[in-house]
Amino acid sequence: MDTKQVQLQYSFCLKDYVGDSAGLTSPEILGLSDRLKAALRSLDARRKQGHLGFADLPNAEGDVKDIQKLAARMKGKIDDLVIIGIGGSALGNIAVQMALNPLYWNQMSAKERKGWPRLYVMDNVDPEPLSALMKVINPKKTFVNMISKSGTTTECWANWSILRTFLEKKLPKGKLNQHLAITTDPLKGPMREWATREKITSFVVPENVGGRFTVLSSVGLLSAACTGVDVQQLLQGASDMSQRCWNAEIMDNPAAVFTAIHYLAYQRGRKIHVFLPYAQSLYGVADWFRQLWAESLGKKLDRAGRTVEVGPTPVKALGATDQHSQIQLYLEGPQDKLVTFMFLQNEKTVLKIPKDAPAPLGGHTLGNVLKAEGLATRAALTEYGRPNLSFWFPEVSAYTLGQIFFLLEMSTALMGELFDINAFDQPAVELGKKLTKSLLSGQPADQRLFKDNPSHYV
Ligand code: PA5
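These notes cover the structure that comes with them. These numbers were taken from a predicted model, which means no experiment stands behind them.

This paragraph deals with the overall build of the chain. The secondary structure content of the chain amounts to 17 helices and 12 strands. Its C-alpha radius of gyration of 23 Å places the chain within 12% of the 23 Å reference for a compact globule of 458 residues. Principal-axis analysis of the C-alpha atoms gives the chain an extent of 70 × 65 × 60 Å. Expressed as a percentage of its 458 residues, the buried residues of the chain come to 51%. Within the chain, counting contacts between residues at least 6 apart in sequence, those at least 24 apart form 76% of the total. Carbon and sulfur atoms make up 54% of the accessible area of the chain, which totals about 21,400 Å². Mean positive and mean negative side-chain charge positions of the chain (53 and 45 charges, respectively) differ by 6 Å.

Okay, structure coming up:
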């Protein structure tokens, strides 16, 4: 076994461990082999026709070289990198930053950051974060990357318009464009038009990659490269995982096993899928996955147009913090959850607890305590007959992060096949976007949807 591989461990969702009523059997998982093989074939056929863009990203040349050049230009010169994006155009950036750079990166000095800029991700239209940001950045040393695949997203345009105007007022005439980049569709949309017209540096979100599957495209790679992340390793990890995830030997394919277990659990009423990292650095991955699983799989219609209203509800929680918030519910509450842990094999930072700490803590490392709490929680879940899975990371690195991104994207695509739904669209999100625009234009498309009853305020 490659010692740098992320591994999925599934013992504790089997009957032998969690009992007959909650547990699965290996033959049941294997029983999905034919359907999963068919799903792999169908996805591969779509990939060959150019309709499964995310699967090609690990080996695509894309904008990587230009991004690396931009990063080299920024190093030592730019203090603050601001990403404007939302959903799939922001969550991957946050996940990479949380995993691979120190938690308090933005409080570190430029020297400690080795000259790389601080990173801010503006993924809301709340005036508080944006106005707070404008109070702390130095326009002359700020770079803004607006990301929007469609180029039409209200939140992005609103933040961009304010921030761009703010920079324009503060910068010497003619200098603004040196501080801006746009990442959007290669050909279509208002942002592509804006970038072309205003001659702004631009990067491409490949046309065949949906927003939430773009972390390994320019969307995620620009902020990663500009904060010192080895993007080649990120892509290498994804590429190596991709080999494993196309394997038709289902029990050797981690994406297929993850999907099979989640699908079987869902069919038996376990419709809440909890992601529970015991590593703060991986909490952003849980958040990224929450969107991927929810927006891809929550669908009203199947591919034949029948109403199915399927979709697991993904939940993120953090070990050990949420042991004091959620675990009571997970242990004794409804039997409706499947929990996936994320564990580190080796702690990155060794922090020793002094010997005079109360027994049995003294002499242990903090990472040891965290791991013990995670293993104990897992054992408690098992004892209570609550099925669970574990991802084991040999370390948190660009290489392992690339692996988990690809594995979970592939699982999402496979789960979509098993549900027989389109995992790559988001028709209901589009409706919300349309209604917001109609409301802001002063002509709500359908007044009835906005009118409440004044007597219903208490
Ligand atoms: O996955 C998706 O498609 C969405 O979450 C989008 O990423 C999100 O709505 C932002 O869209 P856009 O990148 O077009 O601004």
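The next thing to look at is the packing of helix H6 (residues 91–100) against helix H16 (residues 398–419). For the pair H6 and H16, the least separation of the axes is 10 Å and the interaxial angle reads 145°. Where H6 crosses over H16, the two elements pack in a sense that is right-handed. Only Ala398, Leu401 and Phe405 of H16 make contact with H6, whose side of the interface consists of Ala95, Val96, Ala99 and Leu100. For the contact of H6 with H16, the per-class residue count stands at seven nonpolar, no polar and no charged.

Turning our attention to the layout of surface pockets. Looking at the largest pocket, its volume works out to about 770 Å³. Lining the largest pocket are 27 residues, and of these Gln280, Ser281, Leu344, Lys348 and Thr349 sit closest to its centre. Sorting the residues of the lining of the largest pocket by element identifies H6, strand E11 (337–344) and helix H15 (366–383) as the ones contributing at least two each. Among the elements that line the lining of the largest pocket, the one with the most residues is H15, at five residues. Its residues assigned to classes, the lining of the largest pocket comprises 14 nonpolar, 10 polar and three charged. Taken together, 31 residues form the lining of the second largest pocket, with Gly211, Glu295, Gln426, Glu430 and Lys433 sitting closest to its centre. Contributions of two or more residues to the lining of the second largest pocket are made by helix H4 (53–56), strand E4 (142–148), helix H8 (154–170), helix H13 (283–297) and helix H17 (427–440). No other element matches the four residues that H17 contributes to the lining of the second largest pocket. Residues of the lining of the second largest pocket, tallied by class, amount to nine nonpolar, 15 polar and seven charged. Counting residues domain by domain, the lining of the second largest pocket receives three or more from each of domain 1 (7–44 + 234–424) and domain 2 (62–229).

Around the ligand, 13 residues are found, and the nearest of them are Ser148, Lys149, Ser150, Thr153 and Gln291. Interatomic distance of 2.5 Å between a side-chain N/O atom of Ser148 and an oxygen atom of the ligand. Thr153 places a polar side-chain atom, nitrogen or oxygen, 2.5 Å from an oxygen atom of the ligand. When isolated, the ligand has an accessible area of 380 Å², and the protein chains bury 93% of it. A majority-of-atoms criterion places the ligand in the second largest pocket. The residue makeup of the shell around the ligand, split by class, is one nonpolar, eight polar and four charged.

A few words on helix H7 (residues 127–136). Residue pairs three or four apart in sequence face the same way in an α-helix, which turns once every 3.6 residues. Among all positions in H7, only Leu130, Leu133 and Met134 are buried. Along the axis of H7, the buried residues cluster in a sector spanning 95°; they form a single face. Along H7, exposed side chains directed more than 90 degrees from the buried face belong to Glu128, Lys135 and Val136. Summarising the contacts, the buried residues of H7 are in contact with strand E2 (80–84), strand E3 (118–122) and H8. One side-chain oxygen at the N-terminal end of H7 lies 2.9 Å from the backbone nitrogen of Glu128; it belongs to Asp126.

Our next topic: the pattern of salt bridges. The final tally for this structure, using the stated rule, is 20 salt bridges. Ionic pairing is found between Glu417 and Arg46, a salt bridge with its closest N-O pair at 2.4 Å. With Glu417 in helix H16 and Arg46 in helix H3 (residues 33–48), this residue pair connects regions lying 371 residues apart in the sequence. Using a relative accessible area of 12% as the deciding quantity, one classes Glu417 as buried. Across the pair Asp287 and Lys316 runs a salt bridge, and its minimum N-O distance is 3.4 Å. One end of the pair, Asp287, is in helix H13; the other, Lys316, is in strand E10 (residues 313–316), with 29 residues separating them in the sequence.

What counts and what doesn't
- Residues numbered from 1 in each chain as written.
- Predicted model: local features only at pLDDT ≥ 70, side-chain atom pairs only at ≥ 80, totals over all residues.
- Heavy atoms only, no water.
- Helix = DSSP H or I, 4+ residues; strand = E, 2+ residues; numbered from the N terminus.
- Rg over C-alpha atoms; globule rule 2.2 N^0.38 Å.
- Buried < 20%, exposed > 50% of the residue type's maximum accessible area, 1.4 Å probe, protein only.
- Contact = heavy atoms within 4.5 Å.
- Areas by Shrake-Rupley, 256 points an atom, 1.4 Å probe, with all protein chains shown as cover.
- Lys, Arg positive; Asp, Glu negative; His and termini not counted.
- Charge placed at Lys NZ, Arg CZ, Asp CG, Glu CD.
- Axes fitted to C-alpha atoms, helices over the stretch in contact; angles between N-to-C directions.
- Left-handed = near helix turned anticlockwise from the far one by under 90°.
- Nonpolar A, V, L, I, M, F, W, Y, C, P; charged D, E, K, R; others polar.
- 1 Å grid on protein atoms, 1.4 Å probe; cavity = no way out; pocket = protein on both sides within 12 Å on 5 of 7 lines; lining within 4 Å.
- Points joined across faces, edges and corners; volume = space filled by probe spheres on them.
- Domains from an automatic or database assignment.
- Near = heavy atom within 4 Å.
- Polar contact = N/O pair within 3.5 Å; in protein donor to acceptor, adjacent residues only side chain to side chain.
- Sits in = over half its atoms within 2 Å of the grid points.
- Arc of directions from axis to C-beta.
- Salt bridge = Lys/Arg side-chain N within 4 Å of Asp/Glu carboxyl O.

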